[in-house]
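Structure assessment
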Amino acid sequence: MWKQPWGYAEGWAISIGLFITGVILQTTTGKVDATLFQYPLNAIAGGVFLFFLIMIYAASCKAAVLQWFYSLTASITSLTAWMVLVIIMGLTRQVAPSATVTHGGLLSGLGFMQMTVSWPFMLLFLYFLSVLGLVTIRKISRFKWKDVPFILNHAGLFITLLAAILGNGDLQRLRMTVPQGEPEWRATDEAGEMQELPLAIELKSFTIDEYPPKLLVIDNADGKALPEKNPENILVESTPLSGSLLDWEIEVTDLLPMAACVPGKDTVNFVAFHSEGATTALYVTARNKASGVEKSGWVSCGSFMFPYVSLQLNEEVSLVMPEREPKRFASEVLVYTKEKEQAEALIEVNKPLSMGGWKIYQLSYDETKGKWSRLSIFELVKDPWLPLVYTGILMMLLGSVCLFILAPGNKPEQAVVNDTKTV
């Protein structure tokens with residue numbers, strides 16, 4: 001080993017050495033503090049790193065050992081070593097980089113539960129990024145038109161990865177709780193610290209579309225839906241409706257999507273109630289197929305105003321309606337910025353609003369009140385390096401298109417020559 005020309009043995013030795021160095025740093029100094037690399041320090045670090053790679057390539061003309069770092073062997077070993085950690089990250093539960101991990105044993109000690117800010121991951125990532133950068137610089141320095149797809153793909157990947165790692169310190173992810181009718185400009189970060197923002201959000205209205213109510217049978221002893229491994233249910237979209245659950249025939253004769261509970265002396269009744277706090281109620285009749293025993297009554301999922309109501313079929317099981325699941329929830333908002341910009345928008349899950357460099361996502365609501373929630377919870381994300389990441393991705397897409405266009409094949413004139421020779 002360590003005699004020219006280097007091969008795979010040296011490549012694996014370098015990768016293992018970097019991993020061991022990362023483990024030592026992880027156990028002695030802790031995880032990498034991404035907040036130390038904020039603008040403009042991260043931009044300066046990126047420029048120095050790129051200059052360093054150019055200098056290494058220039059020096060490689062006289063130092064043969066440096067030429068190995070943009071060889072195929074270096075590319076394969078560095079990429080494989082880094083991808084091993086990426087696979088481990090995919091198989092290990094990840095904790096927010098800002099959180100403190102107090103469990104996990106060996107996985108936590110090695111930084112695998114916060115992989116992106118662990119020293120082993122960072123060192124192997126920088127090693128792979130250096131090899132990728134040197135390969136790209138080498139191709140650019142010996143530019144040929146046929147190498148355009150290669151340059152676009154490799155340069156695009158280099159820009160994407162470099163921008164992603166440098167922008168980690170500038171990434172802001174905040175949570176804002178906005179009551180209806182009260183503009184809010186304060187949000188909390190992952191550590192729970194309050195921050196004032198250059199924009200304010202006013203919630204005008206909040207709406208939820210729910211899936212139809214459903215019925216299922218539960219075990220009275222532990223409350224688990226039956227059958228335990230594959231619970232059955234009946235979806236009630238309209239009435240009258242008949243169905244079967246376990247050994248019970250179920251008939252739904254009345255559906256009140258907006259109802260109020262009116263308790264009687266011995267029974268519970270439901271009436272239409274078109275106001276805040278209304279619940280959903282179903283009047284059902286259940287008949288046992290074997291014994292012929294029949295039970296009738298109201299079943300309701302309840303709300304913050306009215307109780308949950310079930311129908312006990314026998315000593316072992318009961319018929320219940322679980323809480324209705326939200327199909328869609330959205331907030332109608334008015335957003336203000338310090339630059340006196342205003343925007344009125346409807347924010348839904350996976351349909352954020354972009355304003356003032358922030359992306360505003362619908363995150364949650366007051367789940368105790370459900371569709372009657374009078375507040376919305378938003379997630380605000382700001383990543384100033386994202387345009388550079390998109391630029392790298394666009395370059396890779398263009399490289400793929402060029403690779404398809406310039407793929408080797410028979411040219412028309414070559415095909416004519418071949419046909420002539422055949423004749």
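Source: prediction; values computed, not measured.

Considerations on the overall build of the protein
When its secondary structure is counted, the protein shows nine helices and 17 strands. Radius of gyration (C-alpha) of the protein: 31 Å, far over the 22 Å computed for a compact globule of 423 residues. Once the C-alpha set of the protein is aligned to its principal axes, its extents read approximately 100 × 70 × 50 Å. Residues counted as buried form 38% of the 423 residues belonging to the protein.

Considerations on the packing of aromatic side chains
Two measures describe an aromatic ring pair: the distance that separates the ring centres and the angle between the ring planes. Under the counting rule described, the total for this entry stands at 17 aromatic pairs. When the centroid spacing of 5.3 Å and the interplanar angle of 15° are considered together, the rings of Trp 82 and Phe 128 count as stacked. Taken together, the residues span a long stretch of sequence, with Trp 82 in helix 4 (residues 72–91) and Phe 128 in helix 6 (residues 119–141) at a distance of 46 residues. Residue classification places Phe 128 among the buried residues on the basis of a relative accessible area of 7%. Seen in terms of ring centroids, Phe 206 and Tyr 365 are 5.3 Å apart; in terms of plane orientation they differ by 35°. Their pairing is tilted. With Phe 206 in strand 3 (residues 194–210) and Tyr 365 in strand 16 (residues 358–365), this pair connects stretches of sequence that are 159 residues apart. You can call Tyr 365 buried: its relative accessible area is 12%. Within the aromatic cluster, the residues linked to one another by ring pairs are Trp 2, Trp 6, Trp 68 and Phe 69. Residue placement shows Lys 139 over the ring face of Phe 150; its charged tip is 5.1 Å from the ring centre.

Points about the packing of helix 1 (residues 8–29) against helix 4
Where helix 1 contacts helix 4, the axes come no closer than 9 Å and their chain directions differ by 35°. The crossing of helix 1 and helix 4 is right-handed. The segment helix 1 lies against helix 4, with Tyr 8, Gly 11, Trp 12, Ser 15 and Phe 19 engaging Thr 73, Ile 76, Thr 77, Ser 78, Thr 80, Ala 81 and Leu 85. Residues of the contact of helix 1 with helix 4, tallied by class, amount to six nonpolar, six polar and no charged.

With respect to unusual backbone geometry
The omega angle of the peptide bond from Tyr 39 to Pro 40 is 5°, so this bond is cis rather than trans. Within the element layout of this structure, Pro 40 appears in the loop between helix 1 and helix 2 (41–59). Cis peptide bonds are those with omega within 30 degrees of zero, and the linkage from Leu 226 to Pro 227 qualifies with -10°. Counting through the fold element by element, Pro 227 comes out in the loop between strand 4 (214–219) and strand 5 (234–235). The phi angle at Trp 2 is positive, at roughly 65°, despite the residue not being glycine. Locating Trp 2 in the fold gives a position in the segment before helix 1. Of note in the backbone geometry, Leu 246 takes a positive phi value of approximately 55° without being a glycine. Position of Leu 246 among the secondary structure elements: in the loop between strand 6 (241–245) and strand 7 (248–263). Of the residues examined, Leu 246 reaches a relative accessible area of 33% and is grouped as partly exposed.

Some points on the layout of surface pockets
One number sums up the size of the largest pocket: a volume of about 1,200 Å³. Lining the largest pocket are 41 residues, with Gly 167, Asn 168, Gly 169, Leu 171 and Gln 172 sitting closest to its centre. Counting residues per element, the ones that place at least two in the lining of the largest pocket are helix 6, helix 7 (148–166), strand 1 (172–179), strand 16, strand 17 (375–382) and helix 8 (386–405). Here the lining of the largest pocket is built from residues that sort into 20 nonpolar, eleven polar and ten charged.

Overview of the UniProt feature "domain: ResB-like" (unreviewed entry) in the protein
Under the present numbering, the feature "domain: ResB-like" (unreviewed entry) in UniProt falls on residues 323–369. In residues 323–369, helix accounts for 0% and strand for 64%; the two terminal C-alpha atoms are 11 Å from one another.

So, the nonpolar core
Membership of the largest hydrophobic core comes to 34 residues, with the highest contact counts inside it found for Leu 129, Phe 158 and Leu 161. Only helix 1, helix 2, helix 4, helix 6 and helix 7 provide two or more residues apiece to this core. Broken down by element, this core gets its largest block of residues, eleven residues, from helix 6.

A closer look at the sheet that holds strand 12 (residues 317–320)
Ordered by their spatial adjacency, four strands build an open sheet running 5-4-12-11, and the pairing between neighbours is antiparallel. The open sheet terminates on both sides in strands that have one partner only, identified here as strand 5 and strand 11 (311–312). Sheet topology note: the strand 4/strand 5 ladder contains two bridges and is antiparallel. Bridged to Lys 214 within strand 5 is Leu 235.

With respect to the packing of helix 6 against helix 7
Between helix 6 and helix 7, whose axes approach to 9 Å, the crossing angle comes to 145°. Considering how the two elements wind past one another, helix 6 and helix 7 form a crossing that is left-handed. Contacts between helix 6 and helix 7 involve Met 122, Phe 125, Phe 128, Leu 129, Leu 132, Gly 133, Val 135, Thr 136, Lys 139 and Ile 140 from the first element and Phe 150, Ile 151, His 154, Ala 155, Leu 157, Phe 158, Leu 161, Leu 162 and Ile 165 from the second. Taken together, the residues of the contact of helix 6 with helix 7 sort by class into 15 nonpolar, three polar and one charged.

Cut-offs applied
Residues numbered from 1 in each chain as written. Predicted model: local features only at pLDDT ≥ 70, side-chain atom pairs only at ≥ 80, totals over all residues. Heavy atoms only, no water. Helix = DSSP H or I, 4+ residues; strand = E, 2+ residues; numbered from the N terminus. Rg over C-alpha atoms; globule rule 2.2 N^0.38 Å. Buried < 20%, exposed > 50% of the residue type's maximum accessible area, 1.4 Å probe, protein only. Phe/Tyr/Trp six-rings, centres within 6.5 Å; stacked < 30°, edge-to-face > 60°. Lys NZ or Arg CZ within 6 Å of the ring centre and 35° of its normal. Axes fitted to C-alpha atoms, helices over the stretch in contact; angles between N-to-C directions. Left-handed = near helix turned anticlockwise from the far one by under 90°. Contact = heavy atoms within 4.5 Å. Nonpolar A, V, L, I, M, F, W, Y, C, P; charged D, E, K, R; others polar. 1 Å grid on protein atoms, 1.4 Å probe; cavity = no way out; pocket = protein on both sides within 12 Å on 5 of 7 lines; lining within 4 Å. Points joined across faces, edges and corners; volume = space filled by probe spheres on them. UniProt positions renumbered as here; feature names shortened; annotations may be inferred. Core = buried A, V, L, I, M, F, W, Y, C linked by side-chain atoms within 4.5 Å. Pairing = 2+ DSSP bridges.

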